[in-house]
Each structure stands twice: as C-alpha cells, then as structure tokens.
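A look at the structure
Spelled out, the chains give:
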Amino acid sequence: MIIDRAEVIVTSPDRNFVTLKLTTDDGLTGLGDATLNGRELAVVAYLRDHVVPLLLGRDAGRIEDTWQFLYRSAYWRRGPVTMAAVAAVDVALWDIKAKAAGMPLYQLLGGASRTGLLAYGHASGQDLPELFDSVRKHQELGYKAIRIQTGVPGLKSIYGIASNATFEANAGVRYDHEPAQRGPQPAEEDWDTRSYLRHVPTVFEAVRNEFGPALPLLHDVHHRLSPIQAARLGKSLEPYDLFWLEDCTPAENQEALRLVRQHTTTPLAIGEVFNTVWDYQQIVREQLIDYVRSSVTHAGGVTHLKKILDYASQYQIKSGIHGPTDISPVGMAAALHLGLAIHNFGIQEYMMHGERTDQVFRQSFTWSDGFLHPGERPGIGVELDTDEAGKYPYLQAYLPYNRLADGTVHDW
Ligand code: CS2
Ligand code: MG
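Residues numbered from 1 in each chain as written. Chains lettered and ligands numbered in written order. Predicted model: local features only at pLDDT ≥ 70, side-chain atom pairs only at ≥ 80, totals over all residues. Heavy atoms only, no water.

Turning next to the layout of surface pockets. Empty space within the largest pocket amounts to approximately 960 Å³. Along the walls of the largest pocket sit 36 residues, with Asn 37, His 223, Glu 272, Val 273 and Leu 399 positioned nearest its centre. Residues lining the lining of the largest pocket come from more than one domain, with at least three contributed by each of domain 1 (3-103) and domain 2 (117-378). (1 Å grid on protein atoms, 1.4 Å probe; cavity = no way out; pocket = protein on both sides within 12 Å on 5 of 7 lines; lining within 4 Å. Points joined across faces, edges and corners; volume = space filled by probe spheres on them. Domains from an automatic or database assignment.)

In structure tokens form, the structure reads like this:
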C-alpha cells in the first residue's frame, strides 16, 4: 500500500471545496477534505507545493507516523492552513485503510457506540413569523434539535440569516452559499451589541412559548461579545434551557470563559476556529466548556480530533462537531464515523448541502428522523465524481465582516 498518486481537486458546485485524493499502487483511493472557507487556495498551495511531494512513495498504512511527520517536520506549528492540509492527508489515509480492511471507518475506530447521531440544523428569520416558519420546516425535515438565529431590530444583517435569494432558492432549509458570498470583496455587515442583548432573550421566550419546553435549542453568538456581555447573555437565557450557547466570546482568549462560567449555567460550546488539542488545554482542564466544536477538517483529521475528544471526555465534555456547508461531504462523513465510535458524542451539526454538491460527492451517509448514520460502505463512504467536479471551477468567495455604527471593525 504505497501512495503513488496525490491530487488536489478544487470544485465549486454550490460553494468552493478542496479535496485531496490519494491513490495507492494497489489501486485503492482515499479522500480528505481540506476546505478552509474564504482561504481555500492557501491550503491548495500548501498541499500541492509542500505536502504532495512528501507523500509519494510513503506507506499508506502508517497514519500516525505520517501525521507526526507532516506536523513536526514543518517546524512551524498549528494554524488553520497547516492543520487543514494535515487533516486531508489523515482522512484520506483512514479512508484507504478502512477500504483495505473492507470495513466502514467507524469499525476501525472501535465500532458503533450508538445507533445514530442526533443532529441539529439552522433555523433563521428576520422576524418571529419567518423564524417560526423556518423552525417548522426543520421539524418537517425530521430535525430534533434546532439552532435559532434571528434578525435584530435596527440591524440590516445578522449572522446566520440566509439571504433572501438563498432562502427562497433553498425552500428555507438548504444553505448552498451561506454565509460565504462569491465576489472580489467581503460583504460588510453591521452590528450593535446592546440591541442584540436586549432582543435575543425575547426571541427565545417566544420560541419556547410556541414550540414548548422539550425541543433542544442552540444559539451561536459568533465571537461577538466581551466576557461580561457573554455572562449576561448566558444568564438571561437560562429560563429557556438552551442545549448550548456557542462562541460567546472570541475564541483566542480562553480565559474569558472563566468569567462567563462564574455567572451562568447555560452550557457553552466553543472551538470551530480551533485547530489543535493545545487550543483546548486550559478550557478543558478548567472545565470552562461543555462541547468541543472543532471539525475533522480543521483540526488535523480523525487522528487529532479523536485525541481532543478523548482528552475532553475525562472532564465530561462532549462532541459538537462543526458541520456547516463549508465542511464538504468528505469532512462530514469523517465526522460521522468518529461520532458514531466515540463514547462522549454530544450532537452533530448538519446543514444539508445543495444538489450540485451531492452530485459531485456521492455519499453513503443517511439521514433519518433527525439522526445521521455514516453507512456501511467500506472506507468513509464518499466517492468524488471528477467529471462533475470539473464542471465547477473555483470562484472567489469571502465570508462577510462587521462594522459598528461608528465604522469600527468588529468580530464577525
Ligand atoms: C458557523 C459556521 O456552523 C456554525 O456554527 O459558525 O457556519 C461558520 O460561520 C462558517 O463555518 C465559517 O466558515
Ligand atoms: Mg458557529
């Protein structure tokens, strides 16, 4: 099992995706997702120019050794570009090993710890009627847990609300482009923390009144608050029993969560922008979070995310693996195998991809009555149709950014 071909495939069916495809001398292939939203081509160059030449001729079975070699031989540690590249190699090698064993990957990770993975989707709306409609549409699709994002009076845009065009094109539930927008410049959005803090508790009160106490509800703050503001929000949302409050403060400052934790029992989730176990050292040890949000794609693959989750499990912290549409079906499938196998699974984020994406990436994972399952196909269960992929060349796209009323750039 020697790696004798490594291709980096860029395709943009509904949005940009970067995929690494490895082929061994005995004809096995493996796929890994290397998509870094808005900075895709940096990972392409890292892989093509610096990693592919190192892979050719290596034993495809040596997954841990290859991980350590790529990580340590670069000398420069961590970072989203490096870790997405390492992740793509790692997942492609796991795909190959599981195919060689004739088993779905979750079997090599210890076998199934559950029958399916509870997943949450994203309901959003400018106002309450639109939001309630979106919640109902998600329930019709089977979702048993729902993230709630809403417009704030006085703000033109707010994180997590699909643009009208996207919303209509996707019948309010599929998110082909959201939130990266194609074009030469990032879209500018507006933000006002005081209005937001006043508004959000009223929204959750209305949602609880309409949908009852049982439905698990989540909310994403997208790094926009200071520690004391986040503490206040967590406290004001306590009556509405959130499943979690996500990224309440900018993730770089791990100590911020101490202050939030002192003031609220609302469960906290963080980490979609983290990429190594070292980013979690303090917040796990001090039990400042309840859910780990890293994706397989951005945190060094199955090998490294499993180490993060095993570490977290010692502190009763569970997984909440990142699964927006910028994680390709390859990254999603890898997450499902890992989630099925580990004991401390919490919930899986699942935003459905568009139909063009599903044509490019043929998947074996299933969605049934609110639960995902990776399927029984050997490997990770995803194959890439290169002819379909070739129809959609890369298109420049950026995530939006925020400015306050006085023009100051703010966290998005
Ligand atoms: C979000 C993401 O899914 C989430 O929780 O925070 O949609 C995030 O905005 C994107 O992944 C950024 O690329
Ligand atoms: Mg998020």
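Taken as a whole, this structure holds 17 aromatic pairs when the rule is applied. Ring geometry for Trp 191 against Tyr 196: centres 4.9 Å apart, planes inclined by 50°, an arrangement best described as tilted. Take Trp 191 and Tyr 196: they sit in the same class, and that class is buried. Here the aromatic rings of Tyr 350 and Trp 367 are separated by 5.2 Å at their centres, their planes lie at 50°, and the arrangement is tilted. Taken together, the positions of Tyr 350 in the loop between strand E13 (347-349) and helix H13 (355-360) and Trp 367 in strand E15 (residues 366-368) put the pair 17 residues apart, joining distant regions of the chain. Ring pairing ties together the aromatic residues Tyr 120, Phe 243, Trp 244 and Tyr 291, which thus form one cluster. When the ring centre of Trp 191 is taken as origin, the NZ or CZ atom of Arg 224, which lies over that ring, is 4.7 Å away. Sitting above the plane of the Trp 67 ring, Lys 307 keeps its charged end 6.0 Å from the centroid. (Phe/Tyr/Trp six-rings, centres within 6.5 Å; stacked < 30°, edge-to-face > 60°. Buried < 20%, exposed > 50% of the residue type's maximum accessible area, 1.4 Å probe, protein only. Helix = DSSP H or I, 4+ residues; strand = E, 2+ residues; numbered from the N terminus. Lys NZ or Arg CZ within 6 Å of the ring centre and 35° of its normal.)

To continue, consider the nonpolar core. Counting residues in hydrophobic clusters, the biggest one holds 116 residues, and the most contacted among them are Ile 148 and Tyr 196. Ranked by residue count, the leading element in this core is helix H3 (residues 80-101), at 12 residues. Taken together, domain 1 (3-103) and domain 2 (117-378) each give at least three residues to this core, which thus spans both. Tyr 196 has contacts with Val 152, Ile 158, Trp 191, His 219, Val 221, Leu 225 and Leu 233, leaving out every residue within four places of it along the chain. (Core = buried A, V, L, I, M, F, W, Y, C linked by side-chain atoms within 4.5 Å. Contact = heavy atoms within 4.5 Å.)

With antiparallel pairing, the three strands of this open sheet are ordered in space as E1-E2-E3. This sheet does not close on itself; its edge strands, each paired only once, are strand E1 (3-11) and strand E3 (29-33). In this sheet, neighbouring strand axes are inclined to one another by 20° on average, regardless of whether the strands run parallel or antiparallel. Each of E1 and strand E2 (17-24) touches helix H1 (residues 40-55); the most contacted strand, E1, lies at about 170° to it. (Pairing = 2+ DSSP bridges. Axes fitted to C-alpha atoms, helices over the stretch in contact; angles between N-to-C directions.)

Splitting the protein chain by domain gives domain 1 (3-103) and domain 2 (117-378). The distance between the C-alpha centroids of domain 1 and domain 2 comes to 26 Å. Taken residue by residue, the interface counts 32 residues in domain 1 and 37 residues in domain 2. In total, about 2600 Å² of surface goes out of reach between domain 1 and domain 2, with carbon and sulfur atoms giving 56% of it. On inspection of domain 1 and its partner domain 2, the count reaches three salt bridges. The interface formed by domain 1 and domain 2 holds 16 residue pairs in polar contact (both at pLDDT 80 or more) in total. Of all the elements in the fold, those that place two or more residues in the side of domain 1 that touches domain 2 are E2, E3, helix H2 (63-73) and H3. Per-element tally for the side of domain 1 that touches domain 2: the top contributor is H3, with nine residues. Residue classes in the side of domain 1 that touches domain 2 are distributed as 16 nonpolar, nine polar and seven charged. (Buried area = accessible area lost by both parts, 1.4 Å probe. Salt bridge = Lys/Arg side-chain N within 4 Å of Asp/Glu carboxyl O. Polar contact = N/O pair within 3.5 Å; in protein donor to acceptor, adjacent residues only side chain to side chain. Nonpolar A, V, L, I, M, F, W, Y, C, P; charged D, E, K, R; others polar.)

This part takes up the coordination of the magnesium ion (ligand 2). Donor atoms from the polypeptide that bind the magnesium ion (ligand 2) are Asp 220 (OD), Glu 246 (OE) and Glu 272 (OE), placed at 2.0 to 2.2 Å. Spacing between the donor residues of the magnesium ion (ligand 2) along their common chain follows D-x25-E-x25-E. Here Asp 220 is found in strand E8 (residues 217-220), whereas its partner Glu 272 is found in the loop between strand E10 (268-270) and helix H10 (281-285), with 52 residues between them in sequence. Assigned by exposure class, Asp 220 and Glu 272 land together as buried. (Donors = N, O, S within 2.8 Å, 3.2 Å for Na, K, Ca; no water.)

Attention now moves to the pairing of E8. Of the two faces of E8, the one holding Leu 217 and His 219 and the one holding Leu 218 and Asp 220 are both buried throughout. Examined bridge by bridge, strand E5 (residues 146-150) and E8 share two bridges and lie parallel to one another. Bridge assignment links Arg 147 to a residue of E8, and that residue is Leu 218. Pairing between E8 and strand E9 (residues 244-246): three bridges, direction parallel. The partner of Asp 220 across the bridge, within E9, is Glu 246. Regarding topology, helix H8 (residues 227-237) serves as the crossover connection from E8 to the parallel E9, and that connection is right-handed. (Right-handed = clockwise from strand over helix to strand, strands pointing away.)

Let us look at the site of ligand 1. Close to ligand 1 lie 15 residues, the nearest being Asn 37, Tyr 159, His 222, Glu 272 and Glu 349. Here an oxygen atom of ligand 1 sits 2.9 Å away from a polar atom, N or O, in the side chain of Asp 326. At 2.4 Å from an oxygen atom of ligand 1 is found a side-chain nitrogen or oxygen belonging to Glu 349. Within the complex, the protein chains bury 94% of what would otherwise be the 340 Å² of accessible surface of ligand 1. For ligand 1, the cavity whose grid points lie within 2 Å of the majority of its atoms is the largest pocket. Taken together, the residues of the shell around ligand 1 break down into four nonpolar, four polar and seven charged. (Near = heavy atom within 4 Å. Areas by Shrake-Rupley, 256 points an atom, 1.4 Å probe, with all protein chains shown as cover. Sits in = over half its atoms within 2 Å of the grid points.)

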